[in-house]
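# Geometric and topological summary
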Amino acid sequence: LVQEAGVSDEVRSAVASAIGGEENVLTDLMPHLGHFTGLTKKSSVQTDGRQAQRQLLILFRMLFQAICCHVGPVVLFMDDLQWADAPSLELLRVLSTDFQIEGLLFVGTYRDNELNPDHPLTTFLHGIGRFSGVTVTSIHVGNLDKGDVRALLSEALHLLPRMVVSLAEVVL
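Attention in this report is confined to the structure presented alongside it.

Conventions adopted
Residues numbered from 1 in each chain as written. Predicted model: local features only at pLDDT ≥ 70, side-chain atom pairs only at ≥ 80, totals over all residues. Heavy atoms only, no water. Helix = DSSP H or I, 4+ residues; strand = E, 2+ residues; numbered from the N terminus. Buried < 20%, exposed > 50% of the residue type's maximum accessible area, 1.4 Å probe, protein only. Lys, Arg positive; Asp, Glu negative; His and termini not counted. Charge placed at Lys NZ, Arg CZ, Asp CG, Glu CD. Expected span 1.5 Å × (residues − 1). Salt bridge = Lys/Arg side-chain N within 4 Å of Asp/Glu carboxyl O. Core = buried A, V, L, I, M, F, W, Y, C linked by side-chain atoms within 4.5 Å. 1 Å grid on protein atoms, 1.4 Å probe; cavity = no way out; pocket = protein on both sides within 12 Å on 5 of 7 lines; lining within 4 Å. Points joined across faces, edges and corners; volume = space filled by probe spheres on them. Nonpolar A, V, L, I, M, F, W, Y, C, P; charged D, E, K, R; others polar.

A word on the overall build of the protein chain. Along the protein chain, the regular secondary structure elements total eight helices and two strands. Its helices and strands in sequence order give the protein chain the pattern α-α-α-α-β-α-β-α-α-α, from N to C terminus. For the protein chain, the spread of C-alpha atoms along the principal axes amounts to about 60 × 45 × 30 Å. Burial analysis of the protein chain (172 residues in total) assigns 30% to the buried set. Separation between the mean location of the 12 positive side-chain charges and that of the 20 negative ones in the protein chain comes to 3 Å.

The subject of this paragraph is helix α4 (residues 49-71). Compared with the 33 Å implied by 1.5 Å per residue over 23 residues, the 33 Å span of α4 between its first and last C-alpha is a close match. Where α4 is concerned, the buried positions are Ala-52, Leu-57, Leu-59, Phe-60, Leu-63, Phe-64, Gln-65, Ala-66, Ile-67 and Cys-68. Phi turns positive, to about 105°, at Gly-72, one or two residues after α4.

Glancing now at the pattern of salt bridges. A full pass over the atoms with the stated rule returns four salt bridges. The salt bridge partner of Arg-93 is Glu-90, with a shortest N-O separation of 2.6 Å. Of this pair, Arg-93 and Glu-90 both sit in helix α5 (residues 86-97), three residues apart, which is roughly one turn of that helix. Owing to a relative accessible area of 29%, Arg-93 belongs among the partly exposed residues under this scheme. Classification of Glu-90 as partly exposed rests on a relative accessible area of 25%. Residues joined in a network through salt bridges with shared partners are Asp-80, Arg-111 and Glu-114.

What follows concerns the nonpolar core. In globular proteins that are soluble, nonpolar side chains generally tend to be buried together. Residues Val-15, Leu-26, Phe-60, Leu-63, Phe-64 and Leu-95 are the most contacted members of the largest nonpolar core, which totals 30 residues. If you list the elements that add at least two residues to this core, you get α1 (5-19), α2 (23-29), α3 (31-37), α4, β1 (74-78), α5 and α6 (120-128). By residue number, the principal contributor to this core is α4, which donates eight residues.

Computed from the structure, the largest pocket encloses a volume of approximately 1,100 Å³. The wall of the largest pocket is formed by 33 residues, among which Val-107, Gly-108, Tyr-110, Thr-137 and Ser-138 lie closest to the centre. Of all the secondary structure elements, the ones that give two or more residues to the lining of the largest pocket are α5, β2 (104-108) and α6. Here the element with the most residues in the lining of the largest pocket is β2; it accounts for five residues. Of the residues that constitute the lining of the largest pocket, the class distribution is 18 nonpolar, twelve polar and three charged.

See below:
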């Protein structure tokens, strides 16, 4: 968010305006947001249970609405979604289906060999695909073979592929 002074001032103002006096709730979870907005004190109002979850969902929606419309396209990447809990999947559902959030691309990865038809992520993926305006694209990526690992190590270490053969075998 801190790219150009004019852009970050605009985004800072939009975030502060969108979230209002509730930004402390988010800065408790994301201290860097407090540094960005200039607000560093902790939230004084404590809520719990369903009310707290609803409040967080609303605040995250408002945060992404403010950021996406001022910054341009935003990519939200999350790894290992097979381990996501129900509240996290609900947050992703809310963000992915909110048509007031323009320019948000969500990219998630998961291990499909750890899912079954009753897994919460399977249910989430089928449900999110039914919303109009939400496109779900699945890309299956297989395991790396020895040649792939050798090529990656060779490039990363700036060595000839034949020089990383034994290391590639250890990595696999």
